[in-house]
Every structure is written in structure tokens, then in C-alpha cells.
Amino acid sequence: MEKNIDQIFKRLFGTSNHAIHHYHCPGRLNFIGEHLDYNGGSVMPFAIELGIDLYIRPNQEMKFRMFSSDFEKQIILPSDTEKIQYSKDNGWGNYPLGIIEILKQKGFSFDGYDFYFKSNLPTGAGLSSSAAIEVLTAFALLDLAAEKIDRTQIALWAKEAENNFIGVACGIMDQFAVAMGKNGHLICLNCETMDYSYVPVNLDGYSILILNTKTSRSLEHSYFNTRRAECEEAENELNKNGNSTRLAHADLKHLDIIPSENARKRAQHVISEQSRVIAMKDAISGDIDLVAGLINASHLSLKNDFEVTGEYLDRMQEIALRQDGCIASRMTGAGFAGCGLAIVENEKVSSFKNVFVEQYKDALGFDAEVYTCNPQNGVHKVGEI
Ligand code: ADP
Ligand code: MG
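Residues numbered from 1 in each chain as written. Chains lettered and ligands numbered in written order. Predicted model: local features only at pLDDT ≥ 70, side-chain atom pairs only at ≥ 80, totals over all residues. Heavy atoms only, no water.

Asks: Is there a simple way to explain the nonpolar core in this structure?
Replies: Soluble, globular proteins show a tendency: their nonpolar side chains are buried together. Ranked by size, the top nonpolar core spans 117 residues in total, and within it Phe31, Phe115, Met280, Phe352 and Phe356 carry the most contacts. A per-element tally of this core places helix α3 (residues 129-144) first, with 10 residues. Viewed by domain, this core spans two of them, domain 1 (2-198) and domain 2 (201-373), each represented by three or more residues. Aside from chain neighbours lying at most four places away, what touches Phe115 is Phe13, Leu54, Tyr55, Ile56, Phe64, Arg65, Met66, Phe67, Ile100, Thr137 and Leu141. Of all hydrophobic cores here, the second largest spans 8 residues; its members include Ile8, Ile20, Tyr55 and Tyr116. (Core = buried A, V, L, I, M, F, W, Y, C linked by side-chain atoms within 4.5 Å. Buried < 20%, exposed > 50% of the residue type's maximum accessible area, 1.4 Å probe, protein only. Helix = DSSP H or I, 4+ residues; strand = E, 2+ residues; numbered from the N terminus. Domains from an automatic or database assignment. Contact = heavy atoms within 4.5 Å.)

Listed below in C-alpha cells is the structure:
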């Protein structure tokens, strides 16, 4: 591998006396706490084994030269560009360039670097490849400049890049999880206050699997905005007496005062999901039956009350639960397509992978993929070549 990277650099960028620095940033999976980030609730993501590697070397050209093994387009930009602009033409390059522009706005400046990104993290699947490439770029550049910036700050700047440069109104969860992940632990993150704690995972004989349905998320955005509006409506109704309680912390007993049935159902999901997150904090350290119950209940709530599962993800859950050794499954992410998770007995993992993929293909025609995932450390330096 290392020899290979050396050759790739020679071919792409020429020879140099400088070392090639190797950094890694994982993707993330949200274990539980869906649609809570914008409702004042808590989420429980963790960094996964799939991720993006960055090999980076200073150059003498005062240029950022960027390649990605997954995309054809090559990016070249003078490193002293006054203001880096979003450009459709730059394609994937907008993600690393966006975070560089944000870092420049914070007062940092960088000389030329050659970048080579190599990834086994699916893009556009809801495993946060965008957050990973942003956090990875910022972490590497700041580390090479010997700037001591804490990871929470890097996550916040990466979110700023995604919000303001890319133009995606995401919350802080993705960038936080890939920056702050901890081996063997889930992160319990209050998205509003940024308070967080690490919760050790002990699934005693069971594994967490990611189910990538390989279905597209094209419908997501319109539903997403409607759901946000319905949650806001529910929160406003519940706060009519002058309170300012966020929806995730409201009381299920008061739901009757919400006139709209849809808003009532969305609130039912949000409030019950928040209580599942709290219950999971204890359960995940050893109560496998409760873990399974909470995961399955989360899917049902997203299906019946929040109504964002859809056929692709419901069939995914059904087919997973049908398999020997699978005790829980749910959709993850915003909904309708993308990835889910399953909890499967260790000895049954390999047969689960084969049969799930086969049956999903038969049922819906998509070539699903299944990945094993133990919680990993967040972004870090791997070494030098
Ligand atoms: P997700 O974050 O769910 O994977 P997004 O649509 O938010 O999906 O981000 C995906 C985009 O991020 C890709 O289309 C690409 O522009 C960029 N990206 C992700 N991974 C890489 C990579 N390894 N190399 C280059 N660009 C990448
Ligand atoms: Mg993304």
C-alpha cells in the first residue's frame, strides 16, 4: 500500500523530498435518536470502520492540487486565492475547498499542498462522507500547520462549510461524530447545547451491521421540510401557555391539545424517541434485550408516527428481522432510502449478510450491501510515508 501511494504521488504530482502524511476520517452511523437534532433532543451516533484516507504532501507551487480515487475531476487552485467561491464546475472539490475557505475566514493561511483522497465510504448513502471529507481536510491542514485546535471546533467549522459554502442545512451531528468518535463507544450528544458523553458499548455476542439498501434519496428533501414544519407547529401549540420547551422535552400527556393529527403524530415520535435515547444510555452497556426493543420501537415510531420509512426501508427491516440471529433492525437517517442497521448474533453474521442481500435483491431489485461496524476513533493521523 505505502509503495503504491508513493508511486501514485510520483505519477500525479512528481517527485519531492517532503514526506507524505496520511490521515483518516471515518463515516458515522446514528444508532438511535432520529429527527431529534432540530427538535432540541439528543442523538447517539458513532464513527464507523468505513472512512476516507487522505495522503497529503506540501508542494512548492503555492497550489492546492487535489485528486480523489473515486472521482475523475482533478482540482487545482492557487493556495493564496483571495476568496474561494463555490463552483458547480469543481464538483466534489467544493467539499475540501469549502472548509479551506472557512479556515481562511478564521484567519489561517496555507501554502501549497498535494491531496490524494482514497475512500471505502459510500457517498450519498447517509454515512456522512461529506462531513468526513470536510473534517479530514481541516484536521490535516491544521495539524500540518501545527495549529492546536480542538475537535469540537473543527466539527463546528466543518458544519459551517456545509451550511454556508455547500448550502446544505445540516445539524452538527455528522461533523461531530466523525471528529469525536471513540473506539468502543457511542456518543450521546445534545445537539442544542453540544454537551456530550461517551457510552461504552457491550453487546455481548451480538454485532451491529449497517444495511446499505443502495436506494436513492431523491424524495427526501420535500418530506424533510414538511416534517420540520409539522414539528414546529406541534412545538408552538404545546408552548401556547408561554412556555418555551423544545418538542423533544415536552410531555406526551399534553399531546391532545395539538389540533392537527399530523403534528400530533410527529410529536409522538419525537418525544418517545428522546425517551428511547435516554433508555439506550443504560441499555447499551449490557441489556441486549432492551437494546433490541428500543431499536425496533424506533423503527415502528418512524414508520407509524413520523411516517418517513417508505417501502425500501420497511422491506429492509422486515427482511432483516426475518433472518436467524437478527434481533433488531431500524432505518437510519432522514428516511425513505439509504441505510439502516441490524443487530445480529456474532455466529450468524456471515449467513445474515448473504441471505439478506439475496432476499433484498429478490424483493426490490437493489444490490444491497452489509457492513460490520464497531465504534471507531474519530479523525486522526495514521503516519508518514
Ligand atoms: P453523504 O454525506 O450522505 O455521503 P452527501 O451528498 O452529503 O452524502 O455528500 C456526498 C458528496 O461528498 C460526494 O458527492 C462528493 O462530492 C463528496 N465526497 C464524499 N466522499 C468523497 C471522496 N472520497 N472523494 C471526493 N469527494 C467525496
Ligand atoms: Mg452529507
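There is more to say after this.
Asks: Where do I start with the site of ligand 1 in this structure?
Replies: As a matter of local geometry, ligand 1 sits amid 18 residues, with Ser68, Gly124, Gly126, Ser129 and Ser130 nearest to it. Between an oxygen atom of ligand 1 and a main-chain N or O atom of Gly124, the distance comes to 2.8 Å. Look at ligand 1: alone it shows 560 Å² of surface, and the protein chains cover 85% of it. Considering every element that reaches the shell around ligand 1, the biggest residue donor is α3, with 3 residues. Tallied by class, the residues present in the shell around ligand 1 amount to 8 nonpolar, 8 polar and 2 charged. (Near = heavy atom within 4 Å. Polar contact = N/O pair within 3.5 Å; in protein donor to acceptor, adjacent residues only side chain to side chain. Areas by Shrake-Rupley, 256 points an atom, 1.4 Å probe, with all protein chains shown as cover. Nonpolar A, V, L, I, M, F, W, Y, C, P; charged D, E, K, R; others polar.)

Asks: How should the packing of α3 against helix α4 (residues 151-166) be read in this particular structure?
Replies: Helix-helix packing: each pair is described by the crossing angle between the helix axes and the interaxial distance. Here α3 crosses α4 at 125 degrees, and the two axes come no closer than 9 Å. If you check the angle between α3 and α4, you find them oblique. For the crossing formed where α3 meets α4, the hand is right-handed. For the pair α3 and α4, the contacting residues are Ser130, Ala131, Glu134, Val135, Ala138, Phe139 and Leu142 in the first and Arg151, Ile154, Trp157, Ala158, Glu162 and Ile166 in the second. (Axes fitted to C-alpha atoms, helices over the stretch in contact; angles between N-to-C directions. Parallel < 35°, antiparallel > 145°, perpendicular 65-115°, else oblique. Left-handed = near helix turned anticlockwise from the far one by under 90°.)

Asks: Would you mind showing me how to read the state of the cysteines here?
Replies: Every disulfide links exactly two cysteines, by a covalent bond between their sulfur atoms. Summed over the entire model, instances satisfying the criterion amount to 0 disulfides. A disulfide-free cysteine, Cys231 has its sulfur positioned 14 Å from the sulfur of Cys191, the nearest such atom. In this model Cys373 remains outside any disulfide bridge; the closest cysteine sulfur is found in Cys339, 9.9 Å from its own. Note on Cys373: relative accessible area 1%, which makes it buried. (Disulfide = S-S within 2.5 Å.)

Asks: How should I be thinking about the domain arrangement of the chain in this particular structure?
Replies: Many descriptions give the size of an interface as the accessible area lost when the pieces come together. Along its sequence, the chain is carved into domain 1 (2-198) and domain 2 (201-373). Between domain 1 and domain 2, the C-alpha centre-to-centre distance is 27 Å. Facing 30 residues of domain 1, the contacting portion of domain 2 comprises 41 residues. At the boundary of domain 1 with domain 2, the tally comes to 2 salt bridges. A salt bridge links Glu192 to Arg246, with the shortest nitrogen-to-oxygen separation between them at 2.5 Å. In this structure, the connection of domain 1 to domain 2 is made through 14 residue pairs in polar contact (both at pLDDT 80 or more). Put simply, the parts of the chain that give the side of domain 1 that touches domain 2 at least two residues each are β1 (21-30), β3 (45-58) and β7 (185-190). The element that contributes the greatest number of residues to the side of domain 1 that touches domain 2 is β3, accounting for 4 residues. Across the side of domain 1 that touches domain 2, the residue classes tally to 15 nonpolar, 12 polar and 3 charged. (Salt bridge = Lys/Arg side-chain N within 4 Å of Asp/Glu carboxyl O.)

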